[in-house]
Amino acid sequence: MGNRIIVVGGGAAGMMAAIVAKRNGSDVILLERNDRVGKKLLTTGNGRCNYTNLYTSLNNYHGEDTSFIEDALCEFNVNKTIEFFEKLGITPATEDNGKVYPLSFQASSMLDVLRYELEYQGVQLITDAYVVDIYKKKKFIVKLKDGRDFSCDKIILATGGMAMPVSGSDGNGYSLAKKLGHTITDIFPGLVQLKLEGNIFKQVNGVKFVGTAGIYHKGKLIAKDRGDILFTDYGISGPPILQISRRANELLNKNETVEIKVSIIDTKSAEELKVYLIKRFNNMPIKTIEEALIGLINKRLILPVLKELNIDKKNTAGNIDEKDIIKIANLLTSWSFKITGNKGWGQAQVTAGGVNTNEVNSKTMESKIVEGLYLVGEILDVDGDCGGFNLQWAWSSGYVAGINAAKS
Ligand SMILES: Cc1cc2nc3c(=O)[nH]c(=O)nc-3n(C[C@H](O)[C@H](O)[C@H](O)COP(=O)(O)OP(=O)(O)OC[C@H]3O[C@@H](n4cnc5c(N)ncnc54)[C@H](O)[C@@H]3O)c2cc1C
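Each value, and the rule that gives it
- Per-chain numbering applies: the sequence of each chain, read as written, is numbered from 1 onward.
- With the structure being a predicted model, the display of local features is reserved for residues of pLDDT at least 70 and the display and counting of side-chain atom pairs for 80 or more, all residues being used for whole-chain, interface and lining totals.
- Side-chain descriptors were evaluated using all non-hydrogen atoms of the structure, hydrogens and water having been removed beforehand.
- Three exposure classes are used, based on accessible area relative to the maximum for each residue type with a 1.4 Å probe and protein chains only: buried under 20%, partly exposed in between, and exposed over 50%.
- Each helix corresponds to a stretch of at least 4 residues labelled H or I by DSSP, and each strand to a stretch of at least 2 residues labelled E; elements are numbered beginning at the N terminus.
- A pair of strands is labelled paired if DSSP reports no fewer than 2 bridges between them.
- The handedness rule is simple: strands pointing away from the viewer, and a clockwise path from the first strand over the helix to the second, make the crossover right-handed.
- Here, axes are lines fitted to C-alpha atoms. For helices the fit covers the stretch in contact, and angles between N-to-C directions go from 0 to 180 degrees.
- Note on contacts: a residue pair is in contact if any heavy atoms of the two residues lie within 4.5 Å.
- Pairing of N or O atoms within 3.5 Å defines a polar contact, subject to two protein rules: one partner must be a possible hydrogen donor and the other a possible acceptor, and residues neighboring in sequence count only if both atoms are side-chain atoms.
- Near residues are defined by distance, with any heavy atom within 4 Å of the molecule or strand qualifying the residue.
- Here the open area of atoms and residues is found with the Shrake-Rupley method and a 1.4 Å probe, where only the protein chains shown may cover a residue.
- Following the grouping adopted for this structure description, the nonpolar residues are Ala, Val, Leu, Ile, Met, Phe, Trp, Tyr, Cys and Pro, the charged ones are Asp, Glu, Lys and Arg, and the polar ones are all others, Gly among them.
- When a carboxyl oxygen of Asp or Glu is within 4 Å of a side-chain nitrogen of Lys or Arg, the pair counts as a salt bridge.
- Pairing of aromatic side chains here covers Phe, Tyr and the six-membered ring of Trp, requires ring centres within 6.5 Å, and sorts the geometry by plane angle: under 30 degrees stacked, over 60 edge-to-face, intermediate tilted.
- Among buried residues, the Ala, Val, Leu, Ile, Met, Phe, Trp, Tyr and Cys ones that are joined through side-chain atoms within 4.5 Å form a nonpolar core.

### Section: the pairing of strand β1 (residues 4-8)
Across the five residues of β1, four count as buried, placing the element largely inside the fold. Note: β1 against strand β2 (residues 27-31), five bridges, orientation parallel. Its bridge partner lying in β2, Ile-6 is registered against Ile-29. Chirality of the crossover, the property in question, places the unit of β1, helix α1 (residues 12-23) and β2 among those that are right-handed. Summarising the sheet, β1 and strand β11 (residues 154-157) pair through four bridges and their orientation is parallel. Each bridged residue has a counterpart across the sheet, and for Ile-5 the counterpart in β11 is Lys-154.

### Digging into the sheet that holds strand β10 (residues 149-152)
The strand order across the open sheet built from three strands is β8-β9-β10, with neighbouring strands paired in antiparallel fashion. Since the sheet does not close on itself, it has two edges, and those belong to β8 (131-136) and β10, each with one partner. When strand polarity is set aside, the average angle formed by the axes of neighbouring strands in this sheet is 20 degrees. For β8 and strand β9 (residues 140-144), the ladder comprises five bridges, and the chain directions are antiparallel. Note that in β9 the partner of Asp-133 across the bridge is Lys-143.

### Examining the environment of Arg-246
Mapped onto the elements of the fold, Arg-246 is located in helix α8 (residues 239-252). On the basis of relative accessible area, Arg-246 is assigned to the buried category, the value being 11%. A sequence separation of 96 residues divides Arg-246 from Asn-342, and the C-alpha atoms of the two residues are 10.0 Å apart. If near-sequence neighbours (up to four positions away) are discounted, Arg-246 is found in contact with His-62, Gly-63, Phe-188, Ala-352, Gly-353 and Asp-383. At a separation of 2.7 Å, a polar atom in the side chain of Arg-246 contacts the side chain of Asp-383.

### A word on the site of the ligand
Inspection of the region around the ligand gives 35 residues, with Glu-32, Ser-169, Asn-172, Glu-378 and Leu-391 positioned closest. A distance of 3.3 Å separates an oxygen atom of the ligand from a polar side-chain atom of Asn-34. Taking Asn-390, its main chain carries an N or O atom lying 3.3 Å from an oxygen atom of the ligand. In isolation the ligand has 1000 Å² of accessible area, and contact with the protein removes 95% of it. Contributions of two or more residues to the shell around the ligand are made by α1, α2 (44-47) and α13 (389-406). For the shell around the ligand, the per-class residue count stands at 13 nonpolar, 18 polar and four charged.

### Some details on the pattern of salt bridges
In total, this model carries 18 salt bridges according to the counting rule given. Across the salt bridge formed by Arg-4 and Asp-27, the nearest N and O atoms sit 3.8 Å from each other. You can see Arg-4 sitting in strand β1 and its partner Asp-27 sitting in strand β2, a full 23 residues away along the chain. The class of Asp-27 is partly exposed, set by a relative accessible area of 23%. We note a salt bridge from Glu-250 to Arg-246, for which the minimum N-O separation is 3.5 Å.

### Brief notes about the packing of aromatic side chains
All told, the structure shown has 15 aromatic pairs when counted by the stated rule. Between Phe-84 and Phe-85, the aromatic rings sit 5.1 Å apart at their centres with planes inclined by 80 degrees, giving edge-to-face as the arrangement. Each member of the pair, Phe-84 as well as Phe-85, carries the same accessibility label: buried. Ring centres of Phe-201 and Phe-231 lie 6.1 Å apart, and the angle between their planes is 55 degrees; on these two criteria the pair is classed as tilted. A residue pair is termed long-range when its members are at least 10 positions apart, and Phe-201 in helix α7 (residues 201-204) and Phe-231 in strand β15 (residues 220-231) qualify at 30 residues. Each member of the pair, Phe-201 together with Phe-231, is buried.

### As for the nonpolar core
If you look at the biggest cluster of nonpolar residues, it comprises 80 residues, and the most contacted ones within it are Leu-31, Leu-41, Tyr-51, Phe-85, Leu-380 and Trp-395. Grouped together as the second largest cluster of nonpolar side chains are 46 residues, Leu-251, Ile-260, Ile-265 and Phe-337 included.

Now the structure itself:
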């Protein structure tokens with residue numbers, strides 16, 4: 001038998017690492033604090049699991065040193081990932097923007113095949129095993145909350161980050177890593193809904209539109225995305241918002257003032273919209289301005305827009321001043337709100353920040369501080385965009401650690 005490896009955390013990265021280490025001849029124990037593995041995996045991709053992305057590149061990743069990610073992503077790339085899962089039974093189905101799902105469109109399929117493989121390979125899976133301490137004497141000693149302890153030659157720490165703490169990843173892994181000598185960069189939620197300042201949100205809660213949103217800091221655009229945007233009672237949500245939220249949260253974390261500009265109409269410039277509105281209002285001069293906006297924007301937005309601009313809703317379209325038309329055109333193409341915060345860890349899909357990647361060997365995922373300790377997945381200061389990139393990181397880093405930890 002090869003060396004004995006303990007994998008701490010049965011999420012995406014931990015399961016991958018355990019399977020690969022076992023296939024490469026090690027004796028592997030996988031410890032998971034929950035009563036079953038892969039709780040978070042089941043919720044991914046709205047229950048469909050967007051497990052990778054055909055267009056994965058370094059540009060989809062963030063962290064203090066994104067070059068760290070390259071080696072693992074090359075070693076176990078998207079093709080190898082698809083092939084790996086295909087061998088386990090997952091037929092890939094590609095949707096828009098290169099997102100890959102199991103053809104069953106069930107996240108549970110991913111978990112089922114991983115669990116099958118863990119068992120088939122003979123990984124010793126121990127659930128209800130909450131690791132509270134790890135230290136190294138000659139061997140590593142791993143202590144559980146219930147008093148049990150284990151010893152092993154190598155440890156793979158795969159405890160995840162802080163996002164969705166009910167899944168078991170509640171940040172406790174950072175304490176384990178710190179105690180072993182690692183440093184943790186600033187952490188904050190990534191891919192999360194944003195809270196905005198203003199009193200329109202109760203009224204517009206649930207209004208959805210295809211538009212563009214941009215994050216602004218000191219008047220400069222720093223992130224932008226387009227797609228289905230949703231106003232909520234606290235602010236704003238939808239895939240483009242999640243995608244750009246990281247940049248906002250990074251600055252909010254430093255107490256900076258951050259703004260979001262929302263284009264409810266993003267197919268015309270403000271000037272083009274003004275010209276269009278003048279023509280539109282000329283065609284319906286006796287309608288009230290409230291009536292004259294029906295069919296252009298969601299009806300539930302009309303009164304909040306007019307109120308925001310101090311325009312009397314009873315004014316007729318034929319009587320409205322050009323300066324009010326300009327105000328409407330400006331607001332609909334760029335409505336500014338101050339960002340006051342985000343929906344927090346409970347709603348976030350990923351953790352930005354984590355174990356400092358300068359302290360980890362990018363080719364093996366082994367700690368540069370403690371020999372025989374490997375760190376994988378979201379616990380590291382690596383986070384990806386929405387679209388399958390975070391799971392790809394979990395698979396790639398887990399694979400690389402599994403292979404390398406199995407070498408004696
Ligand atoms: C709602 C939601 C949807 C998502 N959808 C997608 C998607 O479609 N595509 C995508 O690429 N990414 C998605 N993500 C992100 C992705 O799921 C994570 O980045 C990925 O699961 C991280 O894998 P991990 O193994 O590092 O950590 P996790 O999956 O968080 O696993 C860590 C495991 O360690 C266990 N653990 C923690 N501490 C201990 C301890 N002390 N002792 C024992 N066990 C411990 C936890 O219980 C958990 O099972 C989504 C995230 C969320 C929250």
